[in-house]
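# Per-entry structural report
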Amino acid sequence: FQRLVHQGLVTKDGAKMSKSKGNVVSPDEFVEKYGSDTFRMYLMFMGPFTEGGDWSDQGITGIARFVDRFYGLLTEESKVKDQELLTKNLHKLIKKCTEDIEKFNFNTAIAAMMEFLNFASKNGVDEVSKKVLARLICPIAPHLAEECWEALGQEGFAVDQAWPEYDEALTIDD
């Protein structure tokens, strides 16, 4: 590897987790209830990767709702209201996710996906955009990406597909 990046410390109620304090969170029950992708995504969304964050048992439910909505958006029929606006917002999302993931800013990449999901829930999304979304979420929620990829009728694995590219001109607002 060319550089080493350490993740930040995850705390509980503002204190470092330790067995002696009795504040250790076992991931097993959360993975059992929500799945590994939701657990993983919550850890990424807590804050900047290198700074960590404070664990909240209730905080993971917001990510679980996002995962459910994301899967629904990609697997349900949708009618696009404004194709031009969809294309513009999709290219902005591709750019944002590309830059954020390269910088290990997973929390802001997830936030951008959440914003796009809110937009797409109102505007609709086409099949091309669905395939792009499945590839964008792959480094963050690989199991979800593969489930969506298969539901979209695609061959092979989402992780093996080329990373989506964006048109810089479409990322600029008038």
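Details of the structure are given in the entry above.
Please read all numbers here as calculations on a predicted model, not as lab measurements.

### Remarks on the side chain of Asp 100
- Mapped onto the elements, Asp 100 comes out in helix α4 (residues 83–102).
- Separated by 2.8 Å, the side chains of Asp 100 and Thr 108 make a polar contact.
- Setting aside anything within four residues of it in sequence, one finds Asp 100 in contact with Asn 105, Phe 106, Thr 108 and Ala 109.

### Observations concerning the sheet that holds strand β2 (residues 15–16)
- Pairing within the open sheet is mixed, and its three strands lie in the order β2-β1-β3. Each edge of the sheet is formed by a strand with only one pairing partner; in this case those strands are β2 and β3 (53–55).
- Inspection of the sheet shows strand β1 (residues 10–12) paired to β2 by two bridges, in the antiparallel sense. If you follow Lys 12 over to β2, its bridge partner there is Ala 15.

### Describing the nonpolar core
- With 46 residues, the main nonpolar core has Met 41, Phe 66, Leu 133, Ile 137 and Ile 140 as its most contacted residues.
- Listed by contribution, the elements that provide at least two residues to this core are α2 (36–45), α3 (60–75), α4, α5 (106–123), α6 (127–136) and α7 (142–151).
- It is α5 that contributes the most residues to this core, 10 residues altogether.
- When neighbours within four sequence positions are excluded, Met 41 is seen to be in contact with Ile 63, Phe 66, Val 67, Ile 110, Ile 137, Ile 140 and Ala 141.

### Topic: the layout of surface pockets
- One number sums up the size of the largest pocket: a volume of about 210 Å³.
- As for the largest pocket, its lining consists of 13 residues, of which Gln 7, Gly 8, Val 10, Leu 43 and Phe 49 are closest to the centre.
- Only α2 and α5 provide two or more residues apiece to the lining of the largest pocket.
- Taken together, the residues of the lining of the largest pocket break down into seven nonpolar, six polar and no charged.
- Taken as a whole, the second largest pocket holds about 170 Å³ of empty space.
- Lining of the second largest pocket is provided by Asn 89, Lys 92, Leu 93, Lys 96, Ala 112, Glu 115, Phe 116 and Phe 119.
- Contributions of two or more residues to the lining of the second largest pocket are made by α4 and α5.
- For the lining of the second largest pocket, the per-class residue count stands at four nonpolar, one polar and three charged.

Procedures and definitions
Residues numbered from 1 in each chain as written. Predicted model: local features only at pLDDT ≥ 70, side-chain atom pairs only at ≥ 80, totals over all residues. Heavy atoms only, no water. Helix = DSSP H or I, 4+ residues; strand = E, 2+ residues; numbered from the N terminus. Polar contact = N/O pair within 3.5 Å; in protein donor to acceptor, adjacent residues only side chain to side chain. Contact = heavy atoms within 4.5 Å. Pairing = 2+ DSSP bridges. Core = buried A, V, L, I, M, F, W, Y, C linked by side-chain atoms within 4.5 Å. Buried < 20%, exposed > 50% of the residue type's maximum accessible area, 1.4 Å probe, protein only. 1 Å grid on protein atoms, 1.4 Å probe; cavity = no way out; pocket = protein on both sides within 12 Å on 5 of 7 lines; lining within 4 Å. Points joined across faces, edges and corners; volume = space filled by probe spheres on them. Nonpolar A, V, L, I, M, F, W, Y, C, P; charged D, E, K, R; others polar.

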